[in-house]
Amino acid sequence: MSMLAGKVAIVTGAGRGIGRSHALTLAAQGASVIVNDLGSGITGGGSDGGPAAAVADEIRAAGGAAIADATDIAGWDQAKALVDLALARFGRLDILVNNAGITQYESIATESGAGWERVLAVNLTGTAALMHWAVRHWGEQGPEPGRAIVNTSSPAGTNPPPGATSYCVSKAGVAALTMATASEIAHLGVRVNALAPMARSRMTDAVPMLDDIMRTPELGFDRMAPDNISRLMLYLASPACRFTGRVFGVDGDDIYLFEGMSAETHLSNGGAAWEQEALADALGSVERQDRAYMIAPNMHLRAGAPSQAALDALDAAARGERAAPAWKSIIES
Ligand SMILES: NC(=O)c1ccc[n+]([C@@H]2O[C@H](COP(=O)([O-])OP(=O)(O)OC[C@H]3O[C@@H](n4cnc5c(N)ncnc54)[C@H](O)[C@@H]3O)[C@@H](O)[C@H]2O)c1
């Protein structure tokens, strides 16, 4: 079965990890694939055309069609060049998988401006710019069914933990971008959805607290294999997909559909402006802490918003006490 015969796909960050798995999956279904990867380090420095070339070779060796590309997608002009490459080499574009991503493990206090800019540029601006040029092209072509964009958010975007602030913000931005654009491009036959994945890669290898969870099992289902993410990506990229504007968490065989950035408490003053005292009174009985969100239930990962430790630290500071920071970097074991 070649579900995507005749289709052309761009996959960014496809030289390794989840993106590599996406590129192989799409090619195995008959799509011609632009295998983009800058070949940078996890935090965004450096470049190496080797990973993209190796994946394109792998696809061609299996009888598929692929072109390697090492464009840095973090900018509007570069993104245009990548869309133009797909059109020049394969004559059309049907599927855009925005997967390239980097991370930096800084808090708002330790953030360097340059690090912040780079994470936002790769994860969010690159995604938006590629969407822009693809949609511009599709607009010129007119409506056609079966077009798809699959973006990559993160559980760190939907339920942000402390200690990788720019990353969380960029991935929350990708979720918002996905929701905001769905209605803007539906008339062109384009669906846009986002993944919030959990899978073994060099990015998770850098986080010691994930070691046990990410270990490859000797027997049975390998929950953290990147291929589990690509199975949902394929559904979202294929004509079978019924959704647009949704964020899908994926953890092994568990799939979660997020519901916007949902509110859990609603207060109303009966259509009249709140007086400060009444407002403080009404909010005085609301729990300060959301139920701890599950990032990935099978991994027992939780992120409260805020954590109990943060509330305790805040109360201690209000009493004039010195408290230790209420969090620990996830790259410290
Ligand atoms: N692995 C996980 O559990 C996990 C969880 C949440 C989100 N994600 C997201 O999934 C995506 C894939 O991550 P991964 O875990 O496979 O990591 P990875 O580091 O193995 O792969 C990311 C790839 O993106 C490429 N890249 C980085 N900057 C680029 C740029 N400017 N232009 C082109 N390519 C660039 C890198 O060279 C790398 O090959 C990322 O967006 C990541 O944030 C992963």
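Residues numbered from 1 in each chain as written. Predicted model: local features only at pLDDT ≥ 70, side-chain atom pairs only at ≥ 80, totals over all residues. Heavy atoms only, no water.

1. What about the overall build of the chain?
Secondary structure summary: the chain contains eleven helices and ten strands in total. Relative to the 2.2 N^0.38 estimate, which gives 20 Å for 333 residues, the radius of gyration of the chain is 21 Å and therefore close to what a compact globule would have. If one aligns the C-alpha atoms of the chain with their principal axes, the spans along those axes are about 65 × 50 × 40 Å. Across the 333 residues of the chain, 46% fall into the buried class. (Helix = DSSP H or I, 4+ residues; strand = E, 2+ residues; numbered from the N terminus. Rg over C-alpha atoms; globule rule 2.2 N^0.38 Å. Buried < 20%, exposed > 50% of the residue type's maximum accessible area, 1.4 Å probe, protein only.)

2. Structural notes on the environment of His137
Along the polypeptide, His137 turns up in helix α4 (residues 113-141). Using a relative accessible area of 12% as the deciding quantity, one classes His137 as buried. For the pair His137 and Val83, spaced 54 residues apart in the sequence, the C-alpha separation amounts to 8.6 Å.

3. Regarding the site of the ligand
Lining the immediate environment of the ligand, one finds 31 residues, of which Asp37, Asn99, Tyr167, Ser201 and Arg202 sit closest. Within the side chain of Asp72, an N or O atom sits 2.9 Å from a nitrogen atom of the ligand. The separation between an oxygen atom of the ligand and a polar main-chain atom of Ala199 is 2.9 Å. Compared with its free state, where it exposes 830 Å², the ligand has 98% of that area covered by protein. When its residues are assigned to classes, the shell around the ligand shows twelve nonpolar, 13 polar and six charged. (Near = heavy atom within 4 Å. Polar contact = N/O pair within 3.5 Å; in protein donor to acceptor, adjacent residues only side chain to side chain. Areas by Shrake-Rupley, 256 points an atom, 1.4 Å probe, with all protein chains shown as cover. Nonpolar A, V, L, I, M, F, W, Y, C, P; charged D, E, K, R; others polar.)

4. Some points on the domain arrangement of the chain
By the assigned domains, the chain splits into domain 1 (8-257) and domain 2 (276-318). Centre-to-centre separation of domain 1 and domain 2, based on C-alpha positions: 32 Å. (Domains from an automatic or database assignment.)

5. Topic: the nonpolar core
Core analysis: the largest hydrophobic core is formed by 31 residues, its most contacted members being Ile10, Leu93, Leu96, Leu130, Trp138 and Ile149. Looking at this core, the elements that each hand over two or more residues are β1 (8-11), α3 (76-90), α4, α6 (165-185) and β6 (190-198). With ten residues, α4 is the single largest residue contributor to this core. Sequence-distant contacts of Leu93, defined by excluding residues within four places in its chain, comprise Val8, Ala9, Ile10, Val83, Ala86, Leu87, Ala134 and Trp138. If you look at the next biggest cluster of nonpolar residues, it comprises 30 residues, including Ala14, Ala52, Ala199 and Ile229. (Core = buried A, V, L, I, M, F, W, Y, C linked by side-chain atoms within 4.5 Å. Contact = heavy atoms within 4.5 Å.)

6. Looking at a nonpolar patch on the surface
Together, Leu267, Trp274 and Leu283 make up an exposed nonpolar region whose accessible area comes to about 250 Å². If you trace the backbone, Leu283 turns up in helix α10 (residues 276-284). (Patch = residues over 30% accessible without salt bridge, like charges linked within 9 Å, V, L, I, M, F, W, Y side chains within 5 Å. Salt bridge = Lys/Arg side-chain N within 4 Å of Asp/Glu carboxyl O.)

7. Observations regarding the environment of Thr181
Structurally, the position occupied by Thr181 is in helix α6. For the pair Thr181 and Gly142, spaced 39 residues apart in the sequence, the C-alpha separation amounts to 17 Å. Once residues within four sequence positions are removed from consideration, Thr181 is found in contact with Met131 and Val192.

8. Observations concerning α4
The end-to-end C-alpha distance of α4 is 40 Å, a good match for the 42 Å that 29 residues give at a rise of 1.5 Å each. Taken as a whole, α4 carries its principal kink of about 40 degrees at Ala121. Where α4 terminates, the next one or two residues include Gly142, which has phi positive at roughly 90 degrees. (Expected span 1.5 Å × (residues − 1). Bend = angle between axes of the 7 residues up to and from the residue.)

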